[in-house]
Every structure is written in structure tokens, then in C-alpha cells.
Amino acid sequence: MTISAFEAFACPLDGSALQLKGRSWQCEAGHSFDIARQGYVHLLPVQNKRSKDPGDNKEMVAARQRFLNAGFYQPIADALSSAVFHKNDHKTRLTCLDAGCGEGYYMHYLAEKAPGTTELSLVGLDISKWAVLAAAKQYKGPAWVVGSNANLPVLPETLDRVLCLFGFPMYPEFARVLRSGGEAVLVEVGPDHLKELREIIYPELKAPKPPSNAAPDGFTTVETNVIRYSLTLPNKNAIADLLAMTPHLYRARAEGLARAEELESLTVTVEANLKRLKNN
């Protein structure tokens, strides 16, 4: 197994190819993007930001890092690995983008589980500079990029896999950067995901939306899989980290969060839906 950094980047300002020159990526028009000393590159133009500091903040990233590194979501990582390296694909070289990579846990797990004969070219992208910074500090093999799923700084038809885990899929962009026959692998929350925690922090739960089985334009569904298991959070810190890495921390009212803070431990249902979508 060989791990290398993905290099087929596109200028986020004009879409042309970027070339690595020294410690910066540059296009023919003269746009230049420096590589930070930690090893990542910022390819999110200020005009494409919706806020001064978009995405997860430093505290959310740290909480997710602790939670995932404790192995609480390893069954999801295992299912993801099986979907990416499925037995019907005999490629010896795979290029893979994690669109919304967070602090890099899932991409690092893939690298660890890759078949020995596979050459992996990896890139993790997130709109949060704090997430990308954490990823670049931990894992040196992939390329790490601050960027947006709405305008991926990637040249067309250069990827075999695009991952989107609990994120915001942008299917036209995924179709553009995937090669013909490449796959988008999605993991989304199921209707019972963290139900026990939600019952504690909210006065009532909304009825879950019925799942959509229709494949998005340009894609064909080739596999669906439900990952479901019971998870015991053994202490207050684990519960607090789970809350901090989800939108529930900001959606719940103070009284609901206070009830969660009183818990010494909690057993929750983890339910995630995995889909493999083939680019037509």
C-alpha cells in the first residue's frame, strides 16, 4: 500500500489547473495559494465564505477528535472501508476525496485498512480551517484543503471516490469531479440516530422524514446499508463531546442541555445509512 497526496487541484477563482511551485499552488493567470507550515492549503476565496470563520469551530473539532479517536464510531468507519474497497473493484490505484473531512479520522482509517496492493491518492477538504488544521497536524499522507463542497477546487474527472459523511452533498459537483464509473459514498443519519439523547434534551421529537430512495441526477444507486448498534457513553466527558460535535448543542434549549449535563453515563442508538452511488 502506498499513500500519496492528491495533486489535481483547480484554481478556486477561475477553475484552471494549479501547479505546485515551491511552497505554493499557482495557476497560469497568476493566482497563488501558499501551503501553510502545517501542510494544508487554503482554497476558499473570501467572497465564497458565508461568514468570517465558517464551519466547525475549534471546540467542536476538538470534541469530535476525542470522541472518534476513542473508537465510538468505528463500526461506521469499518462499513465505509468496505464500501470504498468493495470486492467488485479491482483497481490498484484509487483517488479519493473526503468532502467534509473534519479532523481526518475517516480518511486516516481508510488509509490504515487499504489493501496492500492499492495505491491511494488522498485529499481531505473541509470548510472549517480548524478541522483542516487538526487533520494536517495528525496525518501527513493526504493533501488537506480548506474549501467548499459547493465549489470543489478539483479538476473534472480526476477522482474515483468522493466521500460525504454526515455532511452536505453537492451532487452536481461530485458528478463533475468523479470519473465515469466513479462512486460517491455517503453516510447519513438514520431516523433513530442518538434518539435517547434527543429525548432527553428536547421537549418532543419531530417525526423523521421518510427516506428518499431515488438516486440524484447523474448517479445510480449500487448499494445501501444500515449501520445500527447500541453505544454506551461511559462518562460525562464522552456525553459532552458527543453533544459538542453535533448541531444539537446549538438547537437544544438551556433546560435540555442541563438535563444532559446531569447524566453520569448514557446508552444511545447509533443508526447511519450508507449509500454507494455510481457516477453515470
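Just so we're clear, the structure is a prediction, and the values are computed from it rather than from any experiment. Starting afresh in each chain, residues are numbered from 1 along the sequence in its written order. Given that this is a predicted model, residues contribute local features only at a pLDDT of at least 70 and side-chain atom pairs are listed and counted only at 80 or more, while totals for whole chains, interfaces and linings are drawn from all residues. Each side-chain value is derived from all of the structure's non-hydrogen atoms; neither hydrogens nor water enter the calculation.

## Concerning the side chain of R161
Definition in use: A helix here means a DSSP run of H or I that spans at least four residues, while a strand means a run of E at least two residues long, and both kinds are numbered starting from the N terminus. Per-residue accessibility, obtained with a 1.4 Å probe over protein chains only, is compared with the maximum for each type, and a residue is labelled buried under 20%, exposed over 50%, and partly exposed between these values. The term polar contact refers here to a pair of N or O atoms within 3.5 Å; inside protein, the definition further demands a hydrogen-donor-capable atom paired with an acceptor-capable atom, and it admits residues adjacent in sequence only when both atoms are side-chain atoms. Contacts: residue pairs with any heavy atoms within 4.5 Å of one another.
Examined against the element boundaries, R161 turns out to sit in strand β9 (residues 159-165). Classification of R161 by relative accessible area gives buried; the value is 1%. A polar atom in the side chain of R161 sits 3.1 Å from the backbone oxygen of V84. Residues contacting R161, with those up to four places away along its chain left out, are V84, H86, D89, L94, T95, C96, L97, L178, E183 and V185.

## Quick look at the pairing of β9
Quick note on the threshold: By this definition, two strands are paired if DSSP reports at least two bridges between them. Consider the strands pointing away from the viewer: the crossover is right-handed when the path from the first strand over the helix to the second runs clockwise.
Judged by how many residues are buried, β9 sits mostly within the fold: seven of seven residues are covered. In terms of strand pairing, strand β6 (residues 93-99) meets β9 through three bridges, oriented parallel. Looking across to β9, one finds that C96 is bridged to R161. In the sheet, β9 pairs with strand β10 (residues 178-189) via six bridges, with the strands oriented parallel. Paired with C164 across the bridge in β10 is L186. Crossover connection from β9 via helix α5 (residues 171-177) to parallel β10: handedness right-handed.

From the geometry alone we can't say anything about function, so treat these as descriptive.
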